[in-house]
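Descriptive analysis of the structure
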Amino acid sequence: MSFRGNHHNEILHAARDANSTIRSHYKDFIHQVGRNVFPLIIASDHEVDGYSGVGSTLTLYRDDGSIETRSPCLGSYYELYKTASHFFMALAVEIGPYMSNDSVVCTTTAAACGGGDLIGDQVNHSDDDANNTCSSPSSEAEADHQDIPQPWESSMTELVTKAQILRQSLLKATVMESNNNCTNHQEDSSNNSTLPPPPAMRETIMSMLNSIIAYCQHSLSTKQLNLSQWTKLNQANFPLIKRCMAEATSLQANLCIRQILHWKDNVLTPQEWRELYVVIPTVWAVDRDNPRKEMFKRLMHPDRVETHLITSEWPRDHGEVRTLLGRIVGDRAIGRFVFGDDTEEQRVKTMGLSSGVDVVLDDALPAICSVLKELGVGKNENNTDHAKEHWWR
């Protein structure tokens, strides 16, 4: 190693170089560990482009090299029910930003509004709408305003087109069922997309689609967004959205739990099931709790849930999932070997490296509180001992 000008810099660069080597070796270590942890189930919800949100895709890795992937809800009406409920959130994505945007002004005349409550295929006018209609500003006459493209028109047109296509497919299925005089229709046909959706759910979804289409068509024809109509649209459809979510999750629970139990009872040995790791790649919006996590919490050995059921926002593919698992399992082994568990301080360090807590936190908290106390800011500045122990007690 060449001399770097002064002994102080020499020390820093030598330490940095050593740390770089350590981290490089650690990266290889967790990569290898993660690919030698079996059995493993990766329970994801975004497997293939175009097939995101299919009610969970489960992949089982075993030590014999076998890999088995199942999407239990694929082919059921899970996606239909989920999509129907998502239309209302999608509409919020499309028009929400324009409800309080500087490029949008609110008109105050009933003539400019021209709107009302949109529920199903009906348009019901109300006095409230006169003060809740938004359109883009224009110095031209109102007639000229109708020719000005609105910034939300393109995306709304695409959304309503998708809703119309879905509605048409439901209508065709209804006509075909009627023409075939289908007498063996079961309410559990949600499990099988070769049959039309159950009549009650078909009516529910048709009503939801009619509402969305009516609102969008009215907005596009008037080139105006009406907050009052939009609010009433959402309120009127909330029970239907709730029903679709309930039906979708019922399918997910029924089909996914049966698949997991099949692996438990017919593929894995009792010892393998006890040693099973489950990793759930997720996003922040559902990281704390979600159906996948709840199903495994109730099926895994209770004493394994805290250590073998893992959720994380980081992994983007199965390779990163397995590297993450290598970090978790590898760190637990390193903590036990390096720190031990004979004393309380050793156990705190081992515990920190083996969990989602930074291994230096027991030392960092007193330091943080000490500085805050010295500067006279922050909370708990007079209780550094409590701060030191609070994170793990």
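Refer to the preceding data block for the structure.
Summary of the structure given here. The residue numbering used here restarts from 1 in each chain and proceeds along that chain's sequence as written. Side-chain atom pairs in this predicted model are given and counted only at pLDDT of 80 or more, local residue features only at pLDDT of at least 70, and totals for whole chains, interfaces and linings cover all residues. Derived side-chain values reflect all non-hydrogen atoms in the structure, with water molecules and hydrogen atoms excluded from consideration.

Another point: the overall build of the protein chain. Secondary structure elements follow DSSP: runs of H or I no shorter than four residues count as helices, runs of E no shorter than two count as strands, and numbering proceeds from the N terminus. If you tally the helices and strands in the protein chain, you get 15 helices and ten strands. For the protein chain, with 393 residues in total, the buried portion stands at 39%. Look at the contacts in the protein chain between residues 6 or more apart in sequence, and 67% of them connect residues 24 or more apart. A total accessible area of about 22200 Å² is found for the protein chain, and carbon and sulfur atoms account for 53% of it. Type-normalised accessible area, obtained with a 1.4 Å probe on protein chains alone, sets the label of each residue: buried when under 20%, exposed when over 50%, and partly exposed for intermediate values. Residue contacts are counted whenever heavy atoms from the two residues lie within 4.5 Å of one another. In these tables, accessible area is a Shrake-Rupley quantity obtained with a 1.4 Å probe, and a residue counts as shielded only by the protein chains included in the view.

Let us now look at unusual backbone geometry. Residues Phe38 and Pro39 are joined by a peptide bond in cis, for which omega reads -15 degrees. Locating Pro39 in the fold gives a position in the loop between α1 (7–34) and β1 (40–44). Residue Lys223 is not a glycine yet carries a positive backbone phi of 55 degrees. Topologically, Lys223 is positioned in the loop between α6 (199–222) and β8 (225–226). Take Lys223: its relative accessible area is 12%, and that puts it in the buried class.

Turning to the pairing of strand β2 (residues 57–61), a few remarks are in order. Burial analysis of β2 places five of its five residues in the buried class, which makes it a mostly covered element. Residue alternation in β2 divides its side chains into two sets, Thr57, Thr59 and Tyr61 and Leu58 and Leu60, and both sets are buried. Here five bridges tie β1 to β2, and the two strands are oriented antiparallel to one another. Counterpart to Ile41 in the pairing with β2 is Leu60. At least two bridges found by DSSP between two strands is the condition for calling them paired.

Turning next to the packing of aromatic side chains. Between 30 and 60 degrees the pair is tilted, below 30 it is stacked and above 60 it is edge-to-face, where a pair is any two Phe, Tyr or Trp rings, Trp via its six-membered ring, whose centres lie within 6.5 Å. Under the criterion given, the structure shown has two aromatic pairs. Centre to centre, the rings of Tyr26 and Phe29 are 6.4 Å apart; their planes meet at 35 degrees, and the pair counts as tilted. Of this pair, Tyr26 and Phe29 both sit in helix α1, three residues apart, which is roughly one turn of that helix. When the centroid spacing of 6.5 Å and the interplanar angle of 35 degrees are considered together, the rings of Tyr77 and Tyr81 count as tilted. We classify Tyr77 as buried; its relative accessible area is 13%. The criterion is that NZ of a Lys, or CZ of an Arg, lies within 6 Å of the ring centre and within 35 degrees of the ring normal, and then a charge sits over that ring. In this arrangement the basic side chain of Arg322 is found over the ring face of Tyr61, its NZ or CZ atom lying 4.4 Å from the centre.

Next up on the list: helix α7 (residues 227–267). What is called the bend at a residue is the angle between a pair of axes, fitted to the seven residues leading up to and ending at it and to the seven starting from it. In the structure, α7 departs most strongly from a straight axis at Phe238, where the bend amounts to approximately 50 degrees and where the proline Pro239 lies between one and four residues downstream. For α7, the N-terminal cap is Asn226; the gap from its side-chain oxygen to the backbone nitrogen of Ser228 is 3.1 Å. Throughout this description, a polar contact denotes any pair of N or O atoms lying within 3.5 Å of each other; where both atoms belong to protein, one of them has to be capable of donating a hydrogen while the other can accept it, and for residues adjacent in sequence the pair is counted only when both atoms sit in side chains.

Turning to helix α2 (residues 78–95), a few remarks are in order. Three or four residues apart is the spacing at which side chains of an α-helix point the same way, because the helix has 3.6 residues per turn. By this rule, a helix spans an expected 1.5 Å times one less than how many residues it contains. End to end, α2 covers 27 Å across 18 residues, agreeing with the expected 26 Å (1.5 Å per residue, within 8%). Maximal helix bending in α2 amounts to about 35 degrees, located at Phe87. What α2 keeps buried is the set Tyr78, Leu80, Tyr81, Ala84, Ser85, Phe87, Phe88, Leu91 and Ile95. Of the surrounding elements, those touching the buried residues of α2 are α5 (153–179), α6, β8 and α7.

Formed by 39 residues in total, the largest nonpolar core has its most connected members in Tyr81, Leu91, Met156 and Tyr215. Apart from the residues lying within four places of it in its own chain, the contact partners of Leu91 are Gly96, Met156, Leu159, Ile212, Tyr215, Cys216, Trp230 and Leu233. Residues enter a nonpolar core if they are buried and are Ala, Val, Leu, Ile, Met, Phe, Trp, Tyr or Cys, with the set joined through side-chain atoms within 4.5 Å. Formed by 16 residues, the second largest nonpolar core is a distinct cluster that contains Leu58, Trp263, Phe296 and Leu299.

Salt bridge criterion: a side-chain nitrogen from Lys or Arg within 4 Å of a carboxyl oxygen from Asp or Glu. Under the counting rule described, the total for this entry stands at 13 salt bridges. Ionic pairing is found between Arg62 and Glu272, a salt bridge with its closest N-O pair at 3.1 Å. Taken together, the residues Arg62 in the loop between β2 and β3 (67–70) and Glu272 in helix α8 (residues 270–275) connect sequence positions 210 residues apart. A residue is classified by how much of its surface remains accessible, and Arg62, at 18% relative accessible area, is buried. Among the residues examined, Glu272 registers a relative accessible area of 15% and is labelled buried. Where Lys297 meets Glu294, a salt bridge forms, and the shortest distance between an N and an O atom there is 3.3 Å. One end of the pair, Lys297, and the other, Glu294, are both in helix α10 (residues 291–299), three residues apart, so they sit about a helical turn from each other. With relative accessibility at 33%, the residue Lys297 sits in the partly exposed group. One connected set of salt bridges, linked through shared partners, spans Glu294, Lys297 and Arg298.

Here the focus is the sheet that holds β1. Strand order in the open sheet formed by five strands is β3-β2-β1-β9-β10, with mixed pairing between adjacent strands. Among the strands making up the open sheet, the edge pair consists of β3 and β10 (309–312). Neighbour to neighbour, the strand axes of the sheet diverge by 15 degrees on average, direction disregarded. The pairing of β2 with β3 spans four bridges and is antiparallel. Bridging across to β3, Leu58 finds its partner in Arg70. Strands in contact with α7 are β1, β2 and β3; relative to β2, the strand with the most contacts, it is inclined by about 15 degrees. Orientation is described by lines fitted to C-alpha atoms, with helices fitted over the stretch in contact, and by angles between N-to-C directions that extend from 0 to 180 degrees. Against the sheet, helix α12 (residues 318–338) contacts β1, β2, β9 (277–281) and β10, and its axis sits at roughly 130 degrees relative to β9.

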